[in-house]
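The primary structure of each chain is shown beneath.
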Amino acid sequence: MLKEYKGAKDEDNQKLKTEVKALRERLIAQQQLVRETKLPIIVLLEGWAAAGKGSMISALISEIDPRFYNVVSPVVLPEREERYPFLYQYAGAIPENGKIMFYDSGWMEGAVRKYLRRDITREEYKKRIRSVNEFERQLRDGGYLVLKFFLHIDRDEQHKRLHALKENFETEWRVTDDDLWQHREYKLFRDTYDDFMEQTGKVLPWHILDGTKKLTATRDALQLLVDSIDDVLENGKYVGKPFKESFPLKKMQKLSEVDLSPSLEDEEYRKELKKLQKRLGELHNTVYRKKIPVILCYEGWDAAGKGGNIRRISKPLDPRGFDVMPIASPEPHELNRQYLWRFWTRLPRSGHICIFDRTWYGRVMVERLEGFCSEDDWKRAYNEINEFERQLTDWGAVVLKFWIHIDQETQLARFTDRQNTPEKQWKLTEEDWRNREKWPEYEAAVDEMLQKTSTENAPWYIIESNDKKYARIRTLKILIKALEKRIEE
C-alpha cells in the first residue's frame with residue numbers, strides 16, 4: 001500500500017478550489033438529512049507525524065455546524081500506564097446517531113506504536129488487529145458509516161516539516177520524542193502501517209491521501225465522505241446479518257434440568273460465609289497489587305436474589321477498589337449508540353472489580369422478546385458478545401457470569417411476600433408481573449443464550465437460588481477459585 005503509493009497527480013489549483021467548494025456545499029446540504037435519518041458517522045484520520053492530520057480535519061469540518069460533530073485525539077499511552085482495554089478510549093468516543101466523530105489518530109496508531117515500542121508482544125499485536133476488525137465490523141453492522149483515511153508523506157518531506165516545526169518557538173512543542181523516533185525508523189513504521197492496513201482493510205477499506213498536496217487530499221476526502229453519505233441516504237444504513245465464529249463453548253444444562261433443591265442450614269451458612277468473605281478480602285488486595293481486572297455479570301429471574309448475592313460479594317471488598325453497576329433500561333443517549341457502548345464506558349480499571357447487575361445480555365433477552373431490536377440484531381449479538389468478552393479476557397480480565405435461578409413457585413412466593421411487606425413493595429413492579437407471564441419465552445431465550453455464550457474464557461454458572469443462602473456460598477466459592485487460579489497463573 002504505502003510502499004507502492006505513487007502520490008496524487010498534479011492538478012490545476014483553481015479547479016481544485018472549485019471542486020472543494022462544491023463538495024462543501026453538498027456536505028452542508030447533507031447535515032440535516034444525516035440528523036433526521038440518525039446516521040452516525042466516524043471519520044478516522046491516521047497518518048505520519050507532521051503529515052497535516054489536524055489541518056485536514058479543520059478542512060473537513062470548516063462548513064459543518066459544530067453541533068453536529070466532535071473531534072477526539074486519543075492518547076497513545078505506554079502499556080505500563082494503561083489501565084483499560086485497548087479499545088476502551090475509542091469505543092467510548094463513538095458518536096450518537098445523527099452526529100459525526102472525527103478521530104485525530106486512533107486504533108491504528110494505538111496498536112502500531114505500542115507494538116514497535118515493544119510494550120506488547122507480536123501475539124498481543126495480532127489480538128489487537130483481530131479486535132479492530134471485530135470493532136469495525138460491529139459498528140458497520142450496527143448502522144455506522146465508518147471512513148478510514150491515511151495521510152501519507154515521504155521521509156524527506158517529513159524531515160522538512162519536523163525541522164520547520166522545531167525551529168519555530170511557537171510550534172516546537174508539537175514535535176514529540178515519539179515523532180522523532182518515527183522519523184528515524186521511517187521504513188520500519190511504513191512496513192508496519194502497511195501490515196496493519198492490509199490486515200484491517202477487508203471489513204472497511206483504507207483510503208490513502210497525498211499529504212504533500214493539501215487541496216487534492218481535501219477534495220478526495222470530501223468526495224469520499226459526501227458520496228458515502230449519499231449512498232446511505234439513498235440505500236439505507238448497512239445492517240449486518242447474523243454469523244457464527246467458532247468459539248470454544250462449554251456445554252450447559254437447560255434451566256429445566258437444574259436441580260434446585262440444594263440448601264444450607266443457618267449455622268453452616270454463617271460459618272462458610274465468614275470464612276469465604278475473609279478469603280475474598282485477602283484476594284482483593286492481591287488482585288489490586290497485580291492489576292488484575294475482574295468483571296462479574298449477574299443475570300437471573302426477578303426476585304431470584306441477585307441483590308442479596310451481590311451484597312455478600314461486595315461486603316469484604318475495599319470500597320475504593322470495586323463498583324456495582326445497576327443496569328436499567330437504556331437512556332436516550334445510550335439508545336442512540338451501538339448497544340455495547342454503555343458497557344464499554346463502565347469497564348473497571350485494571351486491579352479493580354466491577355459487578356454488573358444486569359448486563360449486555362439484555363440484547364438477547366428483554367430486547368429480543370419485547371421487540372426493542374430486530375431479529376438480525378439479536379441473532380448477530382451472540383457472536384458480538386463473545387467477541388467483546390474475548391477482548392476483555394485478552395486484556396487480562398477475569399470474567400464470570402452468573403445466572404441466578406429459581407423456579408416459578410419460588411418466584412411467586414417472593415413476589416407475594418414483597419407485595420405484602422411495605423418496606424419491600426418498591427422492589428415489585430407491574431413489569432415484574434408482566435415478565436412472569438412470559439416465563440416460557442424467557443426460559444427458551446435464556447437456554448439459547450447459555451448454550452451460545454458460555455465460552456471457556458468467560459463461562460456461565462447457573463446458581464441454584466431457591467435457597468438464597470446456598471446461592472451466596474456457591475457464588476463466593478466460584479469467584480474465589482477463579483481469582484486464586486488467575487493469581488497463580
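Going by the structure above, here's the rest.
> How would you summarise helix α15 (residues 375-395) if you had to cite specific residues and measurements?
The end-to-end C-alpha separation of α15 is 31 Å, in line with the 30 Å expected for 21 residues at 1.5 Å each. Approximately 35° is the largest bend angle found in α15, and it occurs at alanine 381. Of the residues one or two after α15, glycine 396 is the one with positive phi, at around 120°.

> Residue-level account of the layout of surface pockets, with values.
Within this model, the second largest pocket holds a volume of roughly 910 Å³. Forming the walls of the second largest pocket are 31 residues, and the residues nearest its centre are Ala49, Lys53, Asp104, Arg174 and Asp179. Breaking the lining of the second largest pocket down by element, the ones donating at least two residues are α2 (53-61), α4 (107-116), α6 (155-167), α7 (177-184) and α9 (214-235). In terms of residue count, α2 provides more of the lining of the second largest pocket than any other element does, four residues in total. Here the residues of the lining of the second largest pocket are counted per class, giving 13 nonpolar, eight polar and 10 charged.

> Tell me about helix α19 (residues 468-488), and name the residues and values.
Counted at 1.5 Å a residue, the expected span for α19 with its 21 residues is 30 Å, and the 30 Å between its end C-alpha atoms agrees. Taken together, the buried positions of α19 are occupied by Ala471, Arg472, Ile473, Thr475, Leu476, Ile478, Leu479, Ile480, Ala482 and Leu483. Against the buried residues of α19 lie α10 (266-289), β6 (294-300), α11 (306-314), β9 (398-405) and β10 (460-464). Taking the backbone nitrogen of lysine 469 as reference, a side-chain oxygen 2.9 Å away marks aspartate 467 as the first, capping residue of α19.

> Account for the packing of aromatic side chains, naming residues and giving values.
In the structure shown here, the tally under the stated rule is 27 aromatic pairs. Linked through ring pairs, Phe343, Trp344, Phe356, Trp360, Tyr361, Phe388 and Trp460 together constitute an aromatic cluster. The ring of tryptophan 341 carries the charged tip of arginine 337 above its face, separated from the ring centre by 4.2 Å. Positioned above the aromatic ring of tryptophan 378, the side-chain terminus of arginine 368 is 3.9 Å from the ring centre.

> How would you explain the nonpolar core if you had to name every residue and give the values?
Counting residues in hydrophobic clusters, the biggest one holds 136 residues, and the most contacted among them are Trp107, Phe196, Leu296 and Trp360. Broken down by element, the residue count for this core peaks at eight residues, all from α19. Residues within four places of tryptophan 360 in sequence aside, it is in contact with Ile295, Cys297, Tyr339, Leu340, Phe343, Ile385, Phe388 and Glu389.

> I'd like a description of the sheet that holds strand β3 (residues 100-104), backed by residues and values.
Strands in a sheet are paired, the pairing made by backbone hydrogen bonds, and the direction either parallel or antiparallel. Reading across the sheet, the five strands line up as β2-β3-β1-β4-β5 and stay open at both edges, with parallel pairing between neighbours. The open sheet terminates on both sides in strands that have one partner only, identified here as β2 (69-72) and β5 (206-210). Taken pair by pair, the neighbouring strands of this sheet meet at an average axis angle of 20°, ignoring direction. By the bridge criterion, five bridges tie strand β4 (residues 145-152) to β5 in an arrangement that is parallel. By the bridge assignment for β5, leucine 151 is matched with leucine 209.

> Hey, could you go over the pattern of salt bridges for me, with residue numbers and the actual values?
Summed over the entire model, instances satisfying the criterion amount to 55 salt bridges. The salt bridge involving glutamate 387 is made with arginine 137; its shortest N-O contact spans 2.6 Å. Of the two residues, glutamate 387 is situated in helix α15 and arginine 137 in helix α5 (residues 122-141); the sequence distance between them amounts to 250 residues. We classify glutamate 387 as buried; its relative accessible area is 1%. For glutamate 370, the salt bridge goes to arginine 434, with nearest N and O atoms at 3.2 Å. In this pair, glutamate 370 is assigned in the loop between α14 (366-369) and α15 and arginine 434 in helix α17 (residues 430-437), connecting sequence segments 64 residues apart. Since its relative accessible area comes to 38%, arginine 434 is described here as partly exposed.

> Go over the environment of leucine 276, please, and point to the residues and values.
Here leucine 276 shows up in helix α10. Spatially, the C-alpha atom of leucine 276 lies 41 Å from that of isoleucine 94, the residues being 182 residues apart in sequence. In this view, leucine 276 contacts Ile473, Leu476, Lys477 and Ile480; residues no more than four positions away in its chain are not counted.

> Please provide a residue-by-residue account of the sheet that holds β10, values included.
Strand order in this open sheet of five strands is β7-β8-β6-β9-β10, and the pairing throughout is parallel. The open sheet has two free edges, formed respectively by β7 (322-326) and β10, since each of these has just one partner strand. Going from strand to strand, the sheet's axes swing by 20° on average, the running direction of each strand aside. Bridge count for β6 against strand β8 (residues 353-357) is five bridges, and the pairing is parallel. By the bridge assignment, cysteine 297 is partnered in β8 with phenylalanine 356. Helix-sheet contacts for α11 involve β6, β7, β8 and β9, and the interaxial angle to β6 is about 160°.

Parameters at a glance
Residues numbered from 1 in each chain as written. Predicted model: local features only at pLDDT ≥ 70, side-chain atom pairs only at ≥ 80, totals over all residues. Heavy atoms only, no water. Helix = DSSP H or I, 4+ residues; strand = E, 2+ residues; numbered from the N terminus. Expected span 1.5 Å × (residues − 1). Bend = angle between axes of the 7 residues up to and from the residue. 1 Å grid on protein atoms, 1.4 Å probe; cavity = no way out; pocket = protein on both sides within 12 Å on 5 of 7 lines; lining within 4 Å. Points joined across faces, edges and corners; volume = space filled by probe spheres on them. Nonpolar A, V, L, I, M, F, W, Y, C, P; charged D, E, K, R; others polar. Buried < 20%, exposed > 50% of the residue type's maximum accessible area, 1.4 Å probe, protein only. Contact = heavy atoms within 4.5 Å. Polar contact = N/O pair within 3.5 Å; in protein donor to acceptor, adjacent residues only side chain to side chain. Phe/Tyr/Trp six-rings, centres within 6.5 Å; stacked < 30°, edge-to-face > 60°. Lys NZ or Arg CZ within 6 Å of the ring centre and 35° of its normal. Core = buried A, V, L, I, M, F, W, Y, C linked by side-chain atoms within 4.5 Å. Pairing = 2+ DSSP bridges. Axes fitted to C-alpha atoms, helices over the stretch in contact; angles between N-to-C directions. Salt bridge = Lys/Arg side-chain N within 4 Å of Asp/Glu carboxyl O.

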